[in-house]
Structure formats: structure tokens, C-alpha cells
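These are the residues of each chain, in order.
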Amino acid sequence: MRARAEGVVSRAMRKHFKPLALFAASTALLTTPAIAQDTPEPMTARDLVTMPRLGSQSVSGDGSRVIYSVTTTDESSLERSTAYRIRSLADGNEVDLTLPEGASSPVFFDEERIYFLAPGGRNSQGMQLFTGIVMQRTDRAWLAQVRQVSRLNRAIEGFKLSPDGGKVAIYGETARSCTEYVCGADADGTSGEQPVGSGRLYQGDEGFVRHWDTWRTPGSYNRVFVYDITDQGLAGPRAIDGPLKDGALIGDTPTKPFGGPEDFAFAPDGKSIWFVAREAGAQEPMSTDLDIYNYDLEVRNLSEITADNEAVDTAPTPSPDGRWLAYLAMERPGYESDRQRIMLRDLESGETRSLTEDFDRSFGSLAWTPDSRWIIATAQDVLDTPAFRVDPRSGKVTELDLLPGNEAHIGNVTPIGGKRLLFTRDSIAAPAELYLSDGWKTATRLTEVATDRVAALAPVETQRFSFEGAGGDTVWGQITKPSGAAGDLPAILYVHGGPQGSFNDGWSSRWNPRVLASQGYAVISVDFHGSTGYGQDFTDSINRDWGGKPLEDLQKGLAAALALDSQIDGDRACAMGASYGGYMMNWIAGNWADRFDCLVQHDGLFDMRSFYYTTEELWFPRWDFGGSYAEQSALYERWNPVNYVENWQTPMLVVTGEKDFRVPYTQGIASFTALQERGIPSQLLVFPDENHWVLSPDNSLQWHETVFAWLDRWLGEDTD
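Residues numbered from 1 in each chain as written. Predicted model: local features only at pLDDT ≥ 70, side-chain atom pairs only at ≥ 80, totals over all residues. Heavy atoms only, no water.

S.K.: Mind laying out the sheet that holds strand S29 (residues 420–426), listing which residues take part and the relevant values?
M.R.: Pairing is antiparallel across the open sheet formed by four strands, whose spatial order is S28-S29-S30-S31. Two strands lie at the open edges of the sheet, namely strand S28 (409–416) and strand S31 (444–445), each paired on one side alone. Across two bridges, the pairing between strand S30 (residues 433–438) and S31 is antiparallel. In the sheet register, tyrosine 435 faces S31, and the bridge partner there is arginine 445. (Pairing = 2+ DSSP bridges. Helix = DSSP H or I, 4+ residues; strand = E, 2+ residues; numbered from the N terminus.)

S.K.: Explain a negative patch on the surface to me, and be specific about the residues and the numbers.
M.R.: A cluster of acidic residues, Glu279, Glu304, Asp308 and Glu310, forms a negative patch on the protein surface. Inspection of the secondary structure assignment puts aspartate 308 in the loop between strand S19 (301–304) and strand S20 (313–318). (Patch = residues over 30% accessible without salt bridge, like charges linked within 9 Å, V, L, I, M, F, W, Y side chains within 5 Å. Areas by Shrake-Rupley, 256 points an atom, 1.4 Å probe, with all protein chains shown as cover. Salt bridge = Lys/Arg side-chain N within 4 Å of Asp/Glu carboxyl O. Lys, Arg positive; Asp, Glu negative; His and termini not counted. Charge placed at Lys NZ, Arg CZ, Asp CG, Glu CD.)

S.K.: I'd like to hear about helix H12 (residues 697–714), residue by residue, with values.
M.R.: Between its terminal C-alpha atoms H12 stretches 26 Å, which fits the 26 Å expected from 18 residues at 1.5 Å a residue. Among the 18 residues that make up H12, 13 are buried, leaving the element largely enclosed by the rest of the structure. (Expected span 1.5 Å × (residues − 1). Buried < 20%, exposed > 50% of the residue type's maximum accessible area, 1.4 Å probe, protein only.)

S.K.: Outline the confidence of the model for the chain, supporting the account with residue identities and numerical values.
M.R.: The predicted model of the chain has a mean per-residue pLDDT of 92, with 93% of residues at 70 or higher. Confidence over residues 1–36 falls short of pLDDT 50; this stretch has 84 contacts with residues more than four positions distant or in other chains. In this model residues 185–191 is a low-confidence stretch, pLDDT under 50, and it forms 18 contacts with partners more than four residues away in sequence or in other chains. (pLDDT = per-residue confidence, 0-100. Contact = heavy atoms within 4.5 Å.)

S.K.: So what's going on with unusual backbone geometry? Which residues, and what values?
M.R.: Following threonine 253, the chain continues into proline 254 via a peptide bond in cis, with omega recorded as 0 degrees. Tracing the backbone shows proline 254 in the loop between strand S15 (251–252) and strand S16 (264–266). Backbone geometry at asparagine 412 places phi at a positive 50 degrees, although glycine is not the residue there. Within the secondary structure, asparagine 412 is located in strand S28. Positive phi, close to 60 degrees, is recorded for tryptophan 440, a residue that is not glycine.

S.K.: Explain the pairing of strand S33 (residues 474–482) residue by residue, including any values.
M.R.: Among the nine residues in S33, seven count as buried, and that is most of the element. Sheet analysis places strand S32 (residues 460–468) next to S33, joined by nine bridges and oriented antiparallel. Its bridge partner being in S33, glutamine 463 is matched across the sheet by isoleucine 479. Between the antiparallel neighbours S32 and S33 lie five residues, among them glycine 471 with a positive phi of about 70 degrees. Of the pairings in the sheet, the one linking S33 to strand S35 (residues 522–527) comprises five bridges and is antiparallel in character. Across the sheet, residue glutamine 478 finds its bridge partner in S35, namely serine 525.

S.K.: Quick rundown of the nonpolar core? Include the residues and the values.
M.R.: In terms of nonpolar packing, the biggest core is built from 58 residues, with Leu493, Ile524, Trp546, Met584, Phe596 and Trp648 touching the most fellow members. It is helix H7 (residues 580–591) that provides the largest number of residues to this core, a total of seven residues. Residues Val454, Tyr521, Cys598 and Phe687 belong to the second largest nonpolar core, which totals 39 residues. (Core = buried A, V, L, I, M, F, W, Y, C linked by side-chain atoms within 4.5 Å.)

S.K.: So what's going on with the sheet that holds S35? Residues and values would help.
M.R.: What the eight strands build is an open sheet, ordered S32-S33-S35-S34-S36-S37-S38-S39; its pairing is mixed. This sheet does not close on itself; its edge strands, each paired only once, are S32 and strand S39 (682–687). Ignoring which end each strand starts from, the neighbouring axes of this sheet average 20 degrees apart. On the sheet, helix H6 (residues 549–564) packs against S32, S33, strand S34 (489–495), S35 and strand S36 (568–578) and is oriented at approximately 125 degrees with respect to S32. (Axes fitted to C-alpha atoms, helices over the stretch in contact; angles between N-to-C directions.)

S.K.: Lay out the state of the cysteines with the relevant residues and their values.
M.R.: Scanning the entire structure with this criterion turns up two disulfides. A sulfur-sulfur separation of 2.0 Å characterises the disulfide bridge that pairs cysteine 178 with cysteine 183. For cysteine 178, a relative accessible area of 3% translates into the label buried. Bridging cysteine 574 to cysteine 598, the disulfide has an S-S length of 1.9 Å. (Disulfide = S-S within 2.5 Å.)

S.K.: Go over the pattern of salt bridges, please, and point to the residues and values.
M.R.: What the rule picks out here adds up to 26 salt bridges. In this structure, arginine 85 and glutamate 94 form a salt bridge, with 2.7 Å as the shortest nitrogen-oxygen distance. The partner of arginine 662 in a salt bridge is glutamate 617, and the shortest N-O contact between them spans 3.0 Å. Here arginine 662, found in the loop between strand S38 (652–657) and helix H11 (666–677), pairs with glutamate 617, found in the loop between helix H8 (608–614) and helix H9 (619–624); they are 45 residues apart in sequence, far enough to count as distant. The exposure classification of arginine 662 matches that of glutamate 617, with both residues buried.

What follows is the structure, given as C-alpha cells:
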């Protein structure tokens, strides 16, 4: 024991490594655009934090124009602001769109009228619904006939218009006893007498007490209300979850913590609304049962259409002709990473069938073409996320090769008339830009939100590789490193979270391999058993085997990368990961203890017993470990990092957020305590205002600077 600790301490005597001569020569890139520049600077953490970000898009009713947002971050203050631009899809003319101060979420209703949220005027509080007509010249665009549509005494969190523009659905957290968005005199939508004291009293049969990063307000839920839009404002409120009575639906829509307008959709005739809800109750923390409901706005009748499926049903998407309802569904209750099939319901007969039963990929988004002839959907496939065309008649799935050989990550697909598709595309090399495909052929990039900024930085290159992993299965990985680097590059093993996830070819504002590679490292990611995009059996294979096949894949994957690229220095290597990736750092510390010079563990699971009793979404560990801790204690303990602390010897940086309820911050405190007790060099970075992720720009900058300094400390040339 003591010898191990002393051996580790001697590593702390290493000096900061000498700067690497990374960019002595220019080489051809695999994934990064380049511009002529003598000495391009490598990407820094501040570059990542302040990189302009493409936001939401809305296409005009005639498909001629698109509004999109761009969020920028001030280089010095790190304050963020959002601007809006409007672009002609015919001739490419693009200008700034001036909206009222504080406005957000602009969406087209028809060819020229938009609706948006903005701070309300008199007799209203917070964000309210506004409308206006887009006026445009060649050099600018602005709004005319601006009118405040809603005057409520509490803020609207989001909205969606009916196809005819006569109704609007708005949502926010509201007491279940309220029959409209604002009830009584309470601006926050709550009702009833408030107890003496600051305590929140929860009942054992009410479901979640806290979720993700927020404590529940007893009796309040995310709720949607439909209002008629009149010349005088909003009228005739209808709560789509129906009146509060025996057997009533009590739960969240949009679903928490990440649901939004995609959780509900008006029928094409505007007479009803489809929505997803998670029902509250004692079983809620243990159930993945999301259901789809229909609320008839005329007769005010609520009906559930997916009661027979106790797993996930989501993304209700009616066809424009009103004949079909497409949605996504899983089969196995309690499993949040089951394959999402595309379901199709005949709205006349009620007959429902799985369209993609024989296509072994999990779909993540749905959109109908305007003529109701095709469904356009996206799904992970190996390291890419391409778009697919699905025939609602036969179920045939055809991959659309929108960017041949360079799909990377496609999202936000919007079909437009004439077989045109508007979508976003991002990759490890560059953040999202807007693209347009005409006739489902090779797409053209429309925007330059961050392209020029990225092109001015020193390039990186990404190489994909495969190897024989656990059980003889083919496992994929990626190596990202600076182009034209001179000399050996220390290795960073990136371990993704989930664990049912992937470090696919996509941009991230948090765990970004490009910014890490730009510091002079070769970043190696491995899609170990349990990863997504390789078929459901591969994803399922991590079940009850958290520390088995995944660790074997990581070991073999690192060896394969080192054999493939002789520039990578395997004698200088660190590993890092978050969530399940953080669990794996704790697992590696005890089960691959002599391999790495350092570890970076972010929000990692340390003690499976205490984790089980303090996390919120209990369905997750119950599925992955075959039951509760009491039912499967031996299996939890088999894969429990705390049981191998006596083997720990590797220096570790621990990062955690105090608002993380998924992996409570005490898990990080516990691992840091174990490091301190054993005299292992360690650091603890705690964010009091962050959850499972690090989101604010200043905290992100601190995270990166701390991580870079830690890696720099341990991966330099040994001067002992």
C-alpha cells in the first residue's frame, strides 16, 4: 500500500512539459476547413466558449425564407447575446432582423407574419406572446404592425401555434388545481395556503421530489393551455390535461427535465392537440412510461392512445393531410436506451403498426414532407447521424446521402416543398451550420455562423478506426490530433457517458475533442460495448456488465490506436470522462491502476450503493443492474468502484456540481476523500451553480483551464 502511494507522489515532481512544436508544417485535413495563414493559432478554451452558436430556425409558410438565431459571447465579459437573421432560400440574400429588445423564439406563421416572445407591457409580467409582419429591404429587415397578443401576470415559457393561426398552446409550471395558465392572485400559478417556514413537504406517493437540478414544487407541474387568439388577446383557455377529478391525468407536459414544444402538436385542422405526458405518482422515478394523449378542443375530451405500451412513447407528429400520426416508441418498460421505432397510426381506423421493426437503428427525430408522402427521420449510424427517408406505406428506409462521405451529425431537419430539406450539420471539426438540399441531393451550406472563425484556427484531423473488441465484436473509435504536429503527442483516452451514448463525429460545447487536441494531445475515443449507433444488441450488451466488456474495449482500443498511429506517445497518457465516463475513471483507478499518468473524473459514480439511494431517475440503475440495490446488491457491489480503492494510485482531478441530482456531488466528495486518505495527488473542483453539466461560459472557461493545467502537470517530459 505504502509503496504505491510513494510511487505516485514521485510523479508529482515532474515539471511542466515543454511546449510542443505543433504547427511547423501545413498538411491536408480530414475534417477541418483551412485558410491561407502563416501561423494559425491553436484553438483555446476561450475560443470554444466564445464560438458563435447557431440557434433555432423557422421557415416561412411558402418555403421562401428562413429565420435563424446566432448567439455570441463577449470575449472579455463572457456575456451572451442573441441576434436574428432572415435569409432568402431562393437568391441567398440575408439580412439582420430587428426584433423588440429581449425578444426570443420567433416563428413564421405564414409568408410574412411571425409570432415571438418578448417582455410584456402593462397588465402583464415576464415573457408574453407578440406578433408582427416582417418587412424587408436588401440591407435590413424589421417588424411592422407589432401587437402584444397575451397579457398574463406570469411569464410564458414556450408556445406553439395551430396551423390556422386561430389558437396558441402555451406552457409553464402551474398548479394542477388551476383551470387556466394563471389562477388566483398568485403570479407563479400556485394556489392554496402556504405553510409556515421554508420547508417543502412531500408525500410518498407523489413521485419525484427533485429532478435533474431542480426541487419539485408540491402540487405544480409543467402544463399546456390552449387559448383562442382574438383581436383583444387570448380567450377561452383549455387545459389539455383535462379537469382535476377522479382518474385525472396528473403529470408533466412538456416532460421534465428537457421537454419542450416537440412534446405537443396540433392536428392539421386545429380541432385537437396531441401531447406527451409523464404521469406523476409513486412509480414515476422507476418508470419510463411516457404516453401520448389527444385532447379534443371542441368537446373537451381527453383520450390516451398508447396505454397498452408501458415504455416510452414520444414525438407525436401528425401528417399534414391529417390521415396519420407518426411517433417514436420503445418496447421495454424501464429501459431509457431501448431502440426507438417509428410507429404509424391510422387516425381513421386507429390501427397502429411499427414502420421500422426490421431496421436496427434508433430514431431520434421525425418530420413529414408537406405532401404527406414521406417521413424524414434521423438516427445514429456508427459514428454519424444521417437523415433517412421512410415510406409510410411500406416502411422502407432509405439513407439520404446529403453530404456524401461527410455526414457527421445532421439535425433539425425541416422538409420544404419540392423535395427540399433544410437541416443543420456539425462535426468534431466545426460547430453547426445551416444547409439546404434540393431534390434530396448533395446539400449546400447556407450560413457562416462559425465557419470563418474555425477556419482561422490551426486545423485538426480526425481518423476513424476499428478493432476486435470484447467477444470478438467490431468496435469503432476515433483519433483527433493537431494537423502537422511535430514530435510525439501524449495520449488522452476519452470515455463517453451514458453509458448508452457515443463520442460520435459531432461538435460539443463541453467535451470537445478538437479543443483538447489543439493543446498538443492525441485524443482517442472508443465506442465500447453499450454505445449507440451499432444496433440494439450492441447497446444492450453493457447491461449488468458495467466494468467488464467496456473496460476490455477501452484497453484494446487504446492499444489499437497506438499501433495505428506511431506519433502517439503511449508512455504519456491520461484518461478522462464524465458521468458513466467518470464512473469508468473510478473503475480504472482500481482495475487498470498502473496504466495512466493521471485521470480526470467528472460527476462520476463512486459508490453504487449510496448512488442508488440518492439519484432521482431510479429506472436507470434498476434496468442496468437488473433491479433495486436490495434486489441485486451482489451485482451492484461486483461493479462498485469503492470496493477497489485499495488499488488506487493514479493522480486524479475530481469535478462536480452541487446542483447535480443525477450523480449527487457527494459521490465526488467521497472519491476525493479516498484520494486524500491514500496520499494520492488530487484536486477537487466544485461548481455550486452547475448541474450534471457545466453550462455557464465563465465556469466552462474555469473547467477547461483547470483540466488543461492538470494534464500539463502530468504529461510533460520526465525531468527526474
